[in-house]
Amino acid sequence: MKFSVLLPQNQDVAMDSSTNTQSTAMYGSKQRIRLAVSLFYFGQGLAFASWASRIPVIKSQLQLTEAELGTVLLALPIGQLLTMPISGRLVSKYGSHHIMPIAAVFYLMVLCSIPYSTNAWQLGGTLLLFGVVGNICNISVNTQGVLAERLYKKSIMSSFHGSWSIAGFTGAIIGLISFNIDLSTQTHFYIVMGLMLINIFLNRAYLVQDITNSSEKKSFSFKPDRLLISLGVIGFCSMATEGAMFDWSGVYFHDIVLAPEKWTTLGYASFMVMMALGRFVGDAVISRIGRKRTLQISGILMFVGMMSAVIFPELILCTLAFMLVGLGVACNIPSVYSVAGTHKTISSGVALAMVSSVSYLGFLMGPPLIGYIAEVFSLRYSFGVFACFGLLMFALTSRLTVFNKN
């Protein structure tokens, strides 16, 4: 595989991925590339967080019930899942460096169209499109992450996902400020769009251009692959746990821990902080102890954290337990994406789409599954069941030899 770096002077610097030496000038360019890719991750995360921060306001404006809102919200992941095969082929055929800036602009345009929905049907249709374009952005930006990681010849993918996590905090804060100063949703989204258009304009020239050699033929077809399915199942375990923490940590603190009202968000906050921190230190950990051992430890942390919350449903202990879960899920998705993106016979875009398809099912199915188990037994029991995902991830990681090379 050869790839080149698009510099603002329109001069392409061709590089072989097997080359071990880099010029000082090129190293400076690598730093700028890493920053550019990180900011594209940040931009995508900020756009999504901006929408999420306004859900209560939009729900109130459209007078939606909880059931209606839940049904409408399903449109977004459905749009993402429907686009998985298409997004992989688009990125593989035209290159993530071309697709990413275009998709990012459309993502912002769809975001700004959300507030103009006047009923549940219009909102659902817009969110379906939001999911479609968002998935294309997701596959493009993660392909860029894989390519940038090849430039550095070491793990840096976790820090990219850390940028997405930081964007989530930033989007929530901007949303809170906008709400408190009575800024309309339309104005809020247009401000975000303006900032992110500047981001795209300033950084699009530094994206990595992936060029497949004629001698290196990789499949663009969306066919099952044993390795990618295994990586997807690992991602499923992690994202199911992550989704459960997003949607149920506050409820767990309220119903099981019996925390005071002002402390019910403590579990969610502790989980998010440690997940973001874990992603920024994860690359150094992977470089020191290897990707396989990092994922094995992550699985154990997920299991111990979830089970500790079940066994010790007390405020301080449960907060510490949720911190362990945050550390446990931090590096899993970046790691499986890194490995999938270096598949020997399938193009990076298609491989990432395959893994994302299986992984995202966990994020989609995890929260409802928690609710169903809790309805039959109890919320503590459902968290205990989800703790087993950590053990399953540990077992799968231990069996895959591909992690020995990373």
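Residues numbered from 1 in each chain as written. Predicted model: local features only at pLDDT ≥ 70, side-chain atom pairs only at ≥ 80, totals over all residues. Heavy atoms only, no water.

Honestly, the overall build of the protein chain in this entry has me stumped. Any pointers?
From N to C terminus, the protein chain includes 16 helices and three strands. Per-residue burial for the protein chain yields a buried fraction of 53% across its 406 residues. Looking at the protein chain as shown, the accessible area adds up to about 18000 Å², and 66% of this sits on carbon and sulfur atoms. (Helix = DSSP H or I, 4+ residues; strand = E, 2+ residues; numbered from the N terminus. Buried < 20%, exposed > 50% of the residue type's maximum accessible area, 1.4 Å probe, protein only. Areas by Shrake-Rupley, 256 points an atom, 1.4 Å probe, with all protein chains shown as cover.)

Looking at this structure, how should I read unusual backbone geometry?
The phi angle of most residues is negative, glycine excepted, and most peptide bonds adopt the trans form. Positive phi is not limited to glycine here, since lysine 153 has a value of about 55°. By the element assignment, lysine 153 lies in the loop between helix H7 (120-152) and helix H8 (157-180). Within the chain, leucine 258 stands out as a residue other than glycine whose phi angle is a positive 60°. Examined against the element boundaries, leucine 258 turns out to sit in the loop between helix H10 (226-255) and helix H11 (266-289).

Would you mind showing me how to read the packing of aromatic side chains here?
Applying the stated criterion to the full structure yields 10 aromatic pairs. With a centroid separation of 6.2 Å and 20° between ring planes, the pair formed by phenylalanine 322 and phenylalanine 383 is classed as stacked. Separated by 61 residues along the polypeptide, phenylalanine 322 in helix H13 (residues 315-330) and phenylalanine 383 in helix H16 (residues 379-399) bring together distant segments of the chain. Just as phenylalanine 322 is buried, phenylalanine 383 falls in that class too. A cation sits over an aromatic face here: lysine 30 above tyrosine 152, 5.0 Å from the ring centre. For the cation-ring pair, arginine 32 lies above tyrosine 206, with the distance from its terminal atom to the ring centre recorded as 4.1 Å. (Phe/Tyr/Trp six-rings, centres within 6.5 Å; stacked < 30°, edge-to-face > 60°. Lys NZ or Arg CZ within 6 Å of the ring centre and 35° of its normal.)

Got a minute to help me understand the environment of valine 146 in this structure?
Note on placement: valine 146 falls in helix H7. Residue classification places valine 146 among the buried positions, given a relative accessible area of 2%. Along the backbone, valine 146 and glycine 349 are 203 residues apart, and their C-alpha atoms lie at a distance of 10.0 Å. For valine 146, the residues in contact, after removing those within four places along its chain, are Met157, Tyr337, Ser338, Gly341 and Leu352. (Contact = heavy atoms within 4.5 Å.)

How should I be thinking about the confidence of the model for the protein chain in this particular structure?
Low pLDDT means the predicted atomic positions in that stretch should not be read closely. Averaged over every residue, the pLDDT of the protein chain is 82; residues scoring 70 or more account for 88%. For the protein chain, strand S2 (residues 12-16) is the element with the lowest average pLDDT, namely 41, and helix H12 (residues 291-311) is the one with the highest, namely 94. Every residue in residues 1-28 is under pLDDT 50, and counting partners more than four places away or in other chains gives 58 contacts. Low pLDDT (under 50) marks residues 213-217, which in the prediction has three contacts with non-local residues, meaning those over four places away or in another chain. (pLDDT = per-residue confidence, 0-100.)

Would you take a moment to explain H16 for this structure?
In an α-helix, one turn spans 3.6 residues, which is why side chains three or four residues apart end up on the same side. With 21 residues, H16 should cover 30 Å at 1.5 Å per step; its first-to-last C-alpha distance of 32 Å lies within 8% of that length. Restricting attention to buried positions, one finds in H16 the residues Leu379, Ser382, Phe383, Gly384, Phe386, Ala387, Phe389, Gly390, Met393, Leu396 and Thr397. (Expected span 1.5 Å × (residues − 1).)

Got a minute to help me understand the packing of H12 against helix H14 (residues 332-340) in this structure?
Two measures define how a pair of helices packs: the angle their axes make with one another and the distance between the axes. It is at 10 Å that the axes of H12 and H14 come closest, and there the two elements cross at 150°. Between H12 and H14 lies a crossing whose hand is left-handed. Facing Arg291, Leu295, Ser298 and Met302 of H12, the residues of H14 in contact are Asn332, Ser335, Ser338 and Val339. The residue inventory of the contact of H12 with H14, partitioned by class, reads three nonpolar, four polar and one charged. (Axes fitted to C-alpha atoms, helices over the stretch in contact; angles between N-to-C directions. Left-handed = near helix turned anticlockwise from the far one by under 90°. Nonpolar A, V, L, I, M, F, W, Y, C, P; charged D, E, K, R; others polar.)

Sorry, what's going on with a nonpolar patch on the surface here?
A cluster of nonpolar residues, Ile166, Phe169, Val273, Leu277, Phe280, Val281 and Val285, forms a patch on the protein surface that exposes about 530 Å² of accessible area. Sorting the residues of the nonpolar patch by element identifies H8 and H11 as the ones contributing at least two each. At five residues, H11 tops the list of elements feeding residues into the nonpolar patch. Inspection of the secondary structure assignment puts isoleucine 166 in helix H8. (Patch = residues over 30% accessible without salt bridge, like charges linked within 9 Å, V, L, I, M, F, W, Y side chains within 5 Å. Salt bridge = Lys/Arg side-chain N within 4 Å of Asp/Glu carboxyl O.)

I keep staring at the environment of proline 101 and nothing clicks. Help me out?
Along the chain, the position of proline 101 falls in helix H6 (residues 96-113). Owing to a relative accessible area of 11%, proline 101 belongs among the buried residues under this scheme. For proline 101 and alanine 205, which are 104 residues apart along the polypeptide, the C-alpha to C-alpha distance reads 9.7 Å. Once residues within four sequence positions are removed from consideration, proline 101 is found in contact with Phe40, Ser96, Ile200, Arg204 and Leu207.

Before we go on, may I ask you to explain the nonpolar core in this structure?
In globular proteins that are soluble, nonpolar side chains generally tend to be buried together. Within the largest apolar cluster, 103 residues are counted, with the highest numbers of intra-cluster contacts made by Trp51, Ile114, Leu127, Phe130, Tyr252 and Phe383. Per-element tally for this core: the top contributor is H7, with 13 residues. Look past the residues within four positions of tyrosine 252 in its chain and what remains in contact with it is Val257, Ala309, Val310, Cys318, Phe322, Leu379, Arg380 and Phe383. (Core = buried A, V, L, I, M, F, W, Y, C linked by side-chain atoms within 4.5 Å.)

Help me understand the side chain of asparagine 135 in this model?
Relative to the elements of secondary structure, asparagine 135 occurs in helix H7. Not counting chain neighbours up to four residues away, the residues in contact with asparagine 135 comprise Gln80, Thr83, Met84 and Ser87.

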